[in-house]
Amino acid sequence: MEGDFGGLWKPLGPAGGARRTGLNWAHLPPNDEGAPPHCHSTHEPNDVCYYPRSNKISVRGLGLIARLEPLDYFDGEPGR
């Protein structure tokens, strides 16, 4: 994620033996702002990241950030 966010953080997954988890511990000073809450799938180049507060999704491999909206499974399909 781009940007300069304050505070201290430490990845917890590797300490527990995990190789692919994105669980982190973070400490922010009062009135400091960290990165918005988000969830990565893998932290690899084609990673997908979901931002629940803003209902956005980032697909790194495509260079795409988009807002999600609920749809019917067949929405936009011809003949439906």
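You'll find the structure just up there.
Thresholds applied
- Residues numbered from 1 in each chain as written.
- Predicted model: local features only at pLDDT ≥ 70, side-chain atom pairs only at ≥ 80, totals over all residues.
- Heavy atoms only, no water.
- Buried < 20%, exposed > 50% of the residue type's maximum accessible area, 1.4 Å probe, protein only.
- Helix = DSSP H or I, 4+ residues; strand = E, 2+ residues; numbered from the N terminus.
- Pairing = 2+ DSSP bridges.

**Digging into the pairing of strand S4 (residues 48–51)**
Across a regular strand the side chains alternate sides, sitting on one face of the sheet and then on the other.
Here's step 1: Burial along S4 is one-sided: Cys49 and Tyr51 are buried, and none of Val48 and Tyr50, which face the opposite way, are.
Here's step 2: Summarising the sheet, strand S3 (residues 39–40) and S4 pair through two bridges and their orientation is antiparallel. For His40, the partnering residue across the bridge sits in S4 and is Cys49.
Here's step 3: Strand direction decides the pairing type here: S4 and strand S5 (residues 56–59), joined by four bridges, are antiparallel. Paired with Tyr51 across the two strands is Lys56, which belongs to S5.

**So, the sheet that holds S5**
Paired through their backbone hydrogen bonds, the strands of a sheet run either parallel or antiparallel.
Here's step 1: The strand order across the open sheet built from four strands is S3-S4-S5-S6, with neighbouring strands paired in antiparallel fashion. Every interior strand has two partners, whereas the edge strands, S3 and strand S6 (64–67), have only one.

**Notes on the pairing of S6**
Here's step 1: Sheet topology note: the S5/S6 ladder contains four bridges and is antiparallel. Its bridge partner lying in S6, Ile57 is registered against Ala66.

Note that every value here comes from positions in space, so none of it alone points to a role or purpose.
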